[in-house]
Amino acid sequence: VQLQASGGGLVQAGGSMRLSCTASGGTVDNYEMGWFRQVPGRERVFVASIGGGGGGIYYGGSVKGRFTISRFNDENVVYLQMNSLKPEDTAVYFCAADGAGTPLILTGSYEIDYWGQGTLVTVSS
């Protein structure tokens, strides 16, 4: 399975952006999928995840109420809609997929099966 993340770029504080993660090379219908983010010199941090059937949605505390994750299994795509963006949201965002059935919020980043290549989101103040 390969994950391709897209949609990053530069946005002003208060703006919105949508990230996409498209899976290829296999089906991820039953995989937990989600997003992590990382800034230079820091560890990768959980952002949001969604279960295989579209349930089991979790958000990191700093994005709750501003970000929305969704998935469309017939298109093998997961979206992260980011609203009310803040400069502290600036990071490289990575999509992830894991087949163990455990929500990604509970999964260590070293345990995750597949990672996308990352897409840079920059929020200017």
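Note that the structure is predicted; figures quoted are calculated from it, not measured.

Participant: Explain the side chain of Thr-119 residue by residue, including any values.
Facilitator: Inspection of the secondary structure puts Thr-119 in strand E11 (residues 119-124). Filtering out sequence-adjacent residues up to four positions away, Thr-119 remains in contact with Ala-5, Ser-6, Gly-7, Gly-8, Leu-19, Ala-91, Val-92 and Tyr-93.

Participant: Could you give me a rundown of the nonpolar core, with the residues and numbers involved?
Facilitator: By size, the foremost hydrophobic cluster in this structure holds 28 residues, and its most contacted members are Trp-35, Leu-80, Met-82 and Tyr-93. Counting only elements with at least two residues in this core, the list comes to strand E1 (2-6), strand E3 (17-24), strand E4 (32-38), strand E5 (45-50), strand E7 (67-72), strand E8 (77-82), strand E9 (91-98) and E11. Not counting residues within four places of it along the chain, the set of residues in contact with Tyr-93 comprises Leu-19, Trp-35, Phe-36, Arg-37, Val-47, Phe-67, Leu-80, Met-82, Gly-118, Thr-119 and Val-121.

Participant: Give a description of a nonpolar patch on the surface that names residues and reports values.
Facilitator: Taken together, Tyr-58, Ile-105 and Leu-106 make up a surface patch of nonpolar side chains, about 290 Å² in accessible area. Relative to the assigned elements, Ile-105 resides in the loop between E9 and strand E10 (114-115). Ile-105 gets classed as partly exposed once you look at its relative accessible area, which sits at 37%.

Participant: Describe in detail the pattern of salt bridges, supporting the description with residues and values.
Facilitator: This model, assessed by the stated rule, comprises two salt bridges. For the salt bridge of Arg-37 with Asp-89, the shortest nitrogen-to-oxygen distance reads 2.9 Å. Taken as a pair, Arg-37 in strand E4 and Asp-89 in the loop between E8 and E9 lie far apart in primary sequence, 52 residues in all. Close ionic contact of Asp-89 with Arg-66 constitutes a salt bridge, the shortest N to O distance being 2.7 Å. Pair noted here: Asp-89 is in the loop between E8 and E9 and Arg-66 is in the loop between strand E6 (58-59) and E7, with a separation of 23 residues, a long-range link. Just as Asp-89 is buried, Arg-66 falls in that class too. Connected through shared salt-bridge partners, Arg-37, Arg-66 and Asp-89 make up one network.

Participant: How would you explain the sheet that holds E8 if you had to name every residue and give the values?
Facilitator: Taking strand neighbours across the sheet as the criterion, the four strands line up as E1-E3-E8-E7 in an open arrangement whose pairing is antiparallel. The open sheet has two free edges, formed respectively by E1 and E7, since each of these has just one partner strand. This sheet shows a mean twist of 15 degrees between the axes of neighbouring strands, independent of strand direction.

Reading the values: rules and limits
- Residues numbered from 1 in each chain as written.
- Predicted model: local features only at pLDDT ≥ 70, side-chain atom pairs only at ≥ 80, totals over all residues.
- Heavy atoms only, no water.
- Helix = DSSP H or I, 4+ residues; strand = E, 2+ residues; numbered from the N terminus.
- Contact = heavy atoms within 4.5 Å.
- Core = buried A, V, L, I, M, F, W, Y, C linked by side-chain atoms within 4.5 Å.
- Buried < 20%, exposed > 50% of the residue type's maximum accessible area, 1.4 Å probe, protein only.
- Patch = residues over 30% accessible without salt bridge, like charges linked within 9 Å, V, L, I, M, F, W, Y side chains within 5 Å.
- Areas by Shrake-Rupley, 256 points an atom, 1.4 Å probe, with all protein chains shown as cover.
- Salt bridge = Lys/Arg side-chain N within 4 Å of Asp/Glu carboxyl O.
- Pairing = 2+ DSSP bridges.
- Axes fitted to C-alpha atoms, helices over the stretch in contact; angles between N-to-C directions.

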